[in-house]
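Here is how the chains run, residue by residue.
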Amino acid sequence: NAYNTLGTARSVAAGRIAYCFDFRGPVLQVDTACSSSLMAVHLACQSLQNNEASMALAGGVNVMLAGETYVTREALGALSPSGRCHTFSDQADGYARSEGCGFVLLKKLSAAVRDGDIIHSVIYASSVNHDGRSNGLTAPNGDAQRQLFTQALKKANLAAEQLSYVETHGTGTRLGDPIELHAIGDVFAKDREKPLFVGSLKSRLGHMEAPAGIASLIKTTALFASETLYPDSTVSAPNALINWKKYPISLITQAQAWPRTADQPRYAA
């Protein structure tokens, strides 16, 4: 009937939310696979900076309603037989799919201060790029990741040693985890005196796909609020393909204080 095609279009789903709340600014649905919700945040920040909107909701949702995706991911060899994301672990054997939904409300910092809003965290910069021609569709490109991290640091006007925590993609694959962590080490962990802590929400909640990034952003913001770094999961044996001795990078094995001081703010990536 008239609702079949319109009711399943993702662009209409985004418009439907705007309809319910009478939002009049830019409304768009973003599909960049696992980075979709972070791309939405990136575009929302640009919209605010360009004065297209005074506030923006950005996020993502994943609901698993059909079995075909499981079949194709299994054929690809991407799913963990154990049903867990064993991030940074020698048990890494693929990722586990999960459902989720998350959104953040964004405003210019000056406007939030002016309006007396509760400010949970501040986004200093965001950057976007693509792997280009990598080893394959599912293989990340370490060089592209290093370029992205360097670009984001430059835009944020921060030095790498100012960061104390990095929330990673960390799907729990033997190939992807080492490539990502080595890229993080090369950019964020060179010539550091204090260790750089890393974590991944996926080892707790699985890979939510489209909203995975917004879930990690919300988690990192929650760490700021609690002033505590919490472990994501227990890694009995770290991934042997990661050169742990090369960089001062540490997994969080137990909860530890992450206090803020007037002369030393906390920064995360």
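Here's what I pulled together on the structure shown here. Note that the structure is a prediction, hence the values are computed from the model and not measured.

Reading guide: rules and limits
- Residues numbered from 1 in each chain as written.
- Predicted model: local features only at pLDDT ≥ 70, side-chain atom pairs only at ≥ 80, totals over all residues.
- Heavy atoms only, no water.
- Salt bridge = Lys/Arg side-chain N within 4 Å of Asp/Glu carboxyl O.
- Helix = DSSP H or I, 4+ residues; strand = E, 2+ residues; numbered from the N terminus.
- Buried < 20%, exposed > 50% of the residue type's maximum accessible area, 1.4 Å probe, protein only.
- Core = buried A, V, L, I, M, F, W, Y, C linked by side-chain atoms within 4.5 Å.
- Contact = heavy atoms within 4.5 Å.
- Expected span 1.5 Å × (residues − 1).
- Polar contact = N/O pair within 3.5 Å; in protein donor to acceptor, adjacent residues only side chain to side chain.
- Phe/Tyr/Trp six-rings, centres within 6.5 Å; stacked < 30°, edge-to-face > 60°.
- Lys NZ or Arg CZ within 6 Å of the ring centre and 35° of its normal.

### Let's talk about the pattern of salt bridges
Move 1: Across all of its chains, the model carries 12 salt bridges by this definition.
Move 2: Measuring nitrogen to oxygen at the nearest pair gives 3.3 Å for the salt bridge that ties Arg10 to Asp31. Remark: Asp31 occurs in the loop between α2 (10-21) and α3 (36-49) and Arg10 occurs in helix α2; sequence separation between them is 21 residues.
Move 3: Residue Asp31 is classed as partly exposed on the basis of its relative accessible area, which comes to 47%.
Move 4: Between Lys219 and Asp232 there is a salt bridge, with its nearest N and O atoms 2.9 Å apart. You can see Lys219 sitting in helix α9 (residues 212-226) and its partner Asp232 sitting in the loop between β5 (228-229) and β6 (249-251), a full 13 residues away along the chain.
Move 5: Given a relative accessible area of 11%, Lys219 falls into the buried group.
Move 6: Judged by relative accessible area, which is 11%, Asp232 ranks as buried.

### Considering unusual backbone geometry
Move 1: The residue Asp22 is not glycine, and still its phi comes out positive at about 60 degrees.
Move 2: On the secondary structure map, Asp22 appears in the loop between α2 and α3.
Move 3: A relative accessible area of 48% places Asp22 in the partly exposed class.
Move 4: Located in the positive-phi region is Glu227, a residue other than glycine, with phi close to 55 degrees.

### Re the nonpolar core
Move 1: By size, the foremost hydrophobic cluster in this structure holds 20 residues, and its most contacted members are Leu153, Leu181, Ile184, Phe188 and Ile249.
Move 2: Mapped onto this core, the elements with two or more residues apiece are α6 (142-156), β3 (163-167), α7 (176-188) and β4 (196-199).
Move 3: Broken down by element, this core gets its largest block of residues, 5 residues, from α7.
Move 4: In this view, Ile184 contacts Phe149, Val166, Thr168, Ala189, Leu196 and Ile249; residues no more than four positions away in its chain are not counted.
Move 5: Counting 12 residues, the second-largest nonpolar core is a separate cluster that includes Met39, Ala40, Ala58 and Leu106.

### Details of α9
Move 1: In this model α9 runs 21 Å from its N-terminal to its C-terminal C-alpha over 15 residues, within 8% of the 21 Å that 1.5 Å per residue would give.
Move 2: Inspection of α9 places Ala212, Gly213, Ile214, Ala215, Ser216, Lys219, Thr220, Thr221, Leu223 and Phe224 among the buried residues, and these make up the whole buried set.

### Examining the side chain of Ser37
Move 1: Along the chain, the position of Ser37 falls in helix α3.
Move 2: By relative accessible area, which is 1% here, Ser37 ends up buried.
Move 3: A polar contact is formed between the side chain of Ser37 and the backbone oxygen of Ala210, at a distance of 2.9 Å.
Move 4: A polar atom in the side chain of Ser37 sits 3.5 Å from the backbone nitrogen of Gly213.

### What about the packing of aromatic side chains?
Move 1: Evaluated as defined, the whole model comprises 6 aromatic pairs.
Move 2: Residues Phe88 and Trp244 carry aromatic rings whose centres are separated by 6.5 Å and whose planes lie at 85 degrees to one another, so their mutual orientation is edge-to-face. In this pair, Phe88 sits in the loop between α4 (68-76) and β2 (100-106) while Trp244 sits in the loop between β5 and β6, placing the two residues 156 residues apart along the sequence.
Move 3: On the basis of relative accessible area, Phe88 is assigned to the buried category, the value being 3%.
Move 4: Classification of Trp244 as partly exposed rests on a relative accessible area of 23%.
Move 5: One aromatic cluster in this structure is built from Tyr165, Phe224 and Trp258.
Move 6: The ring of Tyr70 has Arg97 lying over it, and the distance from NZ or CZ to the ring centre is 4.8 Å.
Move 7: Here the guanidinium or amino end of Arg266 rests over the ring plane of Trp258, the centre of that ring lying 5.3 Å away.

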